[in-house]
Amino acid sequence: MPPARAVAPAPFGLAVAAALLLGVLAVQGLAHLPPWPAALVLGSAGVCLWLRCGAARLCGAALVGLALASLHGGAALAVQLPAERSGLQVSLEGRILGLPVGAADALRFELRVTAAQGEAATLVGRKLRLGWYTRPPDTLPVIEPGSVWRFEARLRTPRGLVNPGGFDFERRAVENAIAATGYVVEPDRARQLLPGSGLDHARSRLSQRIASALPPSQARFVIALALGDTRSLSDDDWQVLRATGLTHLIAISGFHVGLVAGFGALLGQLLHRVLPGQRRGWPRPQVTAASALVFASAYTALAGFALPTVRTLLMIAVVLLARLARRPQGLAEALAFALIAVLLADPLSVLAPGFWLSFLGVVWLAWCLPGVTEGKVLVPFVQAQGVAVLGLLPLSVWFFSQASLPGPLVNLVGIPWISLLVVPMALVGLALLPISDAAADACWQASGQLMQWLWIALERIAAWPPALVWLPEPSLVSVALAMAAAFWMLLPRGTPGKPLAALLMLPMLWPAIDRPAHGEFDLVLLDVGQGLSLLVRTRHHDLLYDAGAAVPRGLDLGEAVVLPALRAHGVRRLDALVLSHGDNDHAGGAGAVTRGMATARVLAPAGWATKGMTACQTGQAWTWDGVTFSFLHPTPHFPYLGNQSSCVLRVQANGASALLPGDIGRHVESRLAKLPTAEVRADVLLVPHHGSDTSSSLDFIAAVRPSLGLVAIGNQNRFGLPKAIVLDRYQRYRVALLDTASSGAIHLRLGPGGVQVRQRMRQDRRRYWRDAGPGASGYAIGSPEPDR
């Protein structure tokens, strides 16, 4: 009997789709992209192999994925403003994209450049993300979506902060092809050339129309669900949604596009029944598919063609066009074809969490619930919720490091309530608006009231303290094990070992935290731009020294950076928060930190410390896990003088020590330099005042004699820090320097082995979209003698 021949993979089957995806993913882990000629050669070879049969087809699909992802990534980087031109002030004209987001004194928007002169001419056709700021009594202009403006702007290369658990803005800039960020300068000279027009302008007018028909407490949800306009949702609203696991249902998402496509399919079937004369030329499957595609396209347009909805529309279109062409497909083939179409159209979509949650959610449901028994709805719906929660939990932890405990139960009510009641009423209101204002208002009011009833319950559930669980940053291995556990646990009934499979979830849900041993301590200097926040960790305790800035017209870095970094490190409670002094770049984020995490005590300099805080002063000392903490400044009765009153903290263990001096100046440095050597000597020095010339005197450096200095600075900061003269002083004493602008977050371990640089995030987690400063990490620091 002849041996069975291996079945060749179909040209657009699951195996080919998986190979294409692997090729795209391989590029996302690269520190540098291959040159575009090499990518073209790889792509051409891949296409030739794809057209062949057998295993070569899989290799060809992988090469095509690698080439496409490289070319798209290179193109996204090529349109960005070069780093050497960052800070450029240009005069330009452009059209407003999307819906501007505004506050009382700040406005943020995206702009497509249509005309520019001189050095800015290369920006024509590119997308910018800009801010428009003003101060009372000046007011912000009304910037309509689709309007054309002329103004001057100062531009910067897209660059973000790099921290554990933090948002990667540089990745988002590549994903969305953002060429530069910046802000409008000399706003009085700005001129509107053309009024608002286009789809986004129509969406804005519809938002205003809905807002006029409803109280604000209801309008914000109806606008978000009907138009994808989430500008009115507050941070508290998003917190409630995260705690209840309903974030995916509020803004227009792929789920809603699929839901509307389903409504369109039902309407198509109804039309087919009531118009019998058209049945012969248009069979029911084709009518259903065409109606679903039209409705999905219209709803995607209402969302402003946001990327998640466009991806979903493309997936739906591939499946429905196959049906219109009378080429029947199974679910697996349809998914594979849709995945291939999305990756070929936009390989960078793999950078978005929505891509993975959408595709993997459908895969889990299709595999675990292949059919629904007629007449039974409740049981399959509950099963689908269980499959989605368990199957998507690993990805949710990977992308968001959080899980909602009441989320599965809340979704059982929230999904049908919002999807079958709130959203349809909101959309019917939009459909009736051209016919009757009163009918449209009535539908929106019904939608808003339905959502308001649900929201009352959601707020109470979100107030439950354990509702939202934050998890440490997981490793790729732990997530892979959790995915294997989910697969095993979702196998058919009777499969042995399911309880044991749950154990594979433990490395992700309860990871081993890399904490220092007794008599050692870690320093984690966070990248908070032009500010300071540093975590000190011992075996069983955590101390935070400063909390970053809270920019009045921008981010609260305590919430956006510090809290996620603490949670990523597995910190659940701060044993102490030291606020060196009251400047915003050091203490602005403290409120967000104390609200978001239990804090045993807060220490700050006398004269600025508020009720509930403890004054830091010379003589205070304590020991945690073999590590001694002691304050060297301010002295008792020292008046509060801002920088000069900074709490100076020294941390020492087993011969290794670090000195954290805040923003002290030369006068305080002079006093510290006269202390006994054993009290002021340190292996690691947090460079005072970010490297300003008002600090880091030669006598102070000579007294401390550090082997390593840490500089907390923002990239291309407006103060020009650290100053060149200060760098020369440290070089004179052969002090190695690491700064957050070029290194991102910096992780050190101090103990009997001296000082070890454990991680510099920009260097150790390199990606092609991320600017990495010079140097490498992982080396040991010695104690060189000063250059005399």
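Not measured: the values here are computed from a predicted model.

J.: Got a minute to help me understand the state of the cysteines in this structure?
T.: A complete count under the given rule lists one disulfide for this structure. Unpaired in terms of disulfides, Cys59 finds its nearest cysteine sulfur in Cys48, a separation of 12 Å.

J.: Please explain the pattern of salt bridges as it appears in this structure.
T.: Where charged atoms from two side chains of opposite charge approach closely, those side chains can pair. Under the counting rule described, the total for this entry stands at 21 salt bridges. In this structure, Glu170 engages Arg762 in a salt bridge whose closest nitrogen and oxygen atoms are separated by 2.8 Å. Placement of Glu170 in helix H4 (residues 169–175) and of Arg762 in helix H28 (residues 761–764) is noted, with a sequence separation of 592 residues between them. Like Arg762, Glu170 is buried. Its salt-bridge partner being Asp437, residue Arg209 comes within 4.0 Å of it at the nearest N-O pair. You can see Arg209 sitting in helix H5 (residues 199–213) and its partner Asp437 sitting in helix H16 (residues 437–462), a full 228 residues away along the chain. What makes Arg209 partly exposed here is its relative accessible area of 21%.

J.: Even after reading the chapter, I still don't get unusual backbone geometry, so can you show me in this structure?
T.: Of all residues except glycine, most have a negative phi; of all peptide bonds, most are trans. Note the cis peptide between His633 and Pro634, where omega equals 5°. With respect to the element layout, Pro634 can be found in the loop between strand E18 (627–633) and strand E19 (648–653). Put simply, Leu721 and Pro722 share a cis peptide bond, and its omega is -5°. Along the chain, Pro722 turns up in the loop between strand E22 (708–711) and helix H26 (724–732). Positioned with a positive phi, Ser401 is a non-glycine residue whose angle comes to about 55°. With respect to the element layout, Ser401 can be found in the loop between helix H14 (378–400) and strand E7 (402–404). The exposure class of Ser401 is buried, given its relative accessible area of 13%.

J.: I'm lost on a negative patch on the surface in this one. Help?
T.: A contiguous patch of negative charge, built from Asp235, Asp236, Glu459 and Glu559, is present on the exposed surface. Among the residues examined, Asp235 registers a relative accessible area of 54% and is labelled exposed.

J.: What am I meant to see in a nonpolar patch on the surface here?
T.: A surface patch of nonpolar side chains, about 600 Å² in accessible area, is lined by Leu267, Leu270, Leu271, Val274, Leu275, Val294 and Phe295. Sorting the residues of the nonpolar patch by element identifies helix H9 (254–274) and helix H10 (284–302) as the ones contributing at least two each. A per-element tally of the nonpolar patch places H9 first, with four residues. Here Leu270 shows up in helix H9.

J.: Sorry, what's going on with the nonpolar core here?
T.: A general tendency of soluble globular proteins is for nonpolar side chains to be buried together. One finds Ile210, Ile418, Trp444 and Met451 to be the most contacted residues of the largest nonpolar core, which totals 50 residues. In this structure, Ile210 is in contact with Ala219, Val222, Ile223, Ala226, Leu227, Leu430 and Trp444, ignoring residues within four places of it in sequence. Core analysis: the next-biggest nonpolar cluster, separate from the first, contains 35 residues, Val651, Leu686, Leu738 and Ile746 among them.

J.: Whenever I open this one, the packing of aromatic side chains confuses me. Can you help?
T.: Both the distance between ring centres and the angle between the ring planes are used here to describe each pair of aromatic rings. Inspection of every chain in the model, using the stated rule, returns 14 aromatic pairs. Here the aromatic rings of Phe12 and Phe337 are separated by 5.5 Å at their centres, their planes lie at 65°, and the arrangement is edge-to-face. Of this pair, Phe12 sits in the segment before helix H1 (14–28) while Phe337 sits in helix H12 (residues 331–345), and the two are 325 residues apart along the sequence. When the ring of Phe109 is compared with that of Phe151, the centres are 6.3 Å apart and the planes differ by 70°; the resulting orientation is edge-to-face. Of this pair, Phe109 sits in strand E2 (residues 106–116) while Phe151 sits in strand E4 (residues 148–156), placing them 42 residues apart in sequence. Residue Phe109 is classed as buried on the basis of its relative accessible area, which comes to 3%. Since its relative accessible area comes to 3%, Phe151 is described here as buried. Here the guanidinium or amino end of Arg567 rests over the ring plane of Trp470, the centre of that ring lying 4.0 Å away. Just above the ring of Trp622 sits the side chain of Arg601; from NZ or CZ to the centre is 4.6 Å.

What counts and how
- Residues numbered from 1 in each chain as written.
- Predicted model: local features only at pLDDT ≥ 70, side-chain atom pairs only at ≥ 80, totals over all residues.
- Heavy atoms only, no water.
- Disulfide = S-S within 2.5 Å.
- Salt bridge = Lys/Arg side-chain N within 4 Å of Asp/Glu carboxyl O.
- Helix = DSSP H or I, 4+ residues; strand = E, 2+ residues; numbered from the N terminus.
- Buried < 20%, exposed > 50% of the residue type's maximum accessible area, 1.4 Å probe, protein only.
- Patch = residues over 30% accessible without salt bridge, like charges linked within 9 Å, V, L, I, M, F, W, Y side chains within 5 Å.
- Areas by Shrake-Rupley, 256 points an atom, 1.4 Å probe, with all protein chains shown as cover.
- Lys, Arg positive; Asp, Glu negative; His and termini not counted.
- Charge placed at Lys NZ, Arg CZ, Asp CG, Glu CD.
- Core = buried A, V, L, I, M, F, W, Y, C linked by side-chain atoms within 4.5 Å.
- Contact = heavy atoms within 4.5 Å.
- Phe/Tyr/Trp six-rings, centres within 6.5 Å; stacked < 30°, edge-to-face > 60°.
- Lys NZ or Arg CZ within 6 Å of the ring centre and 35° of its normal.

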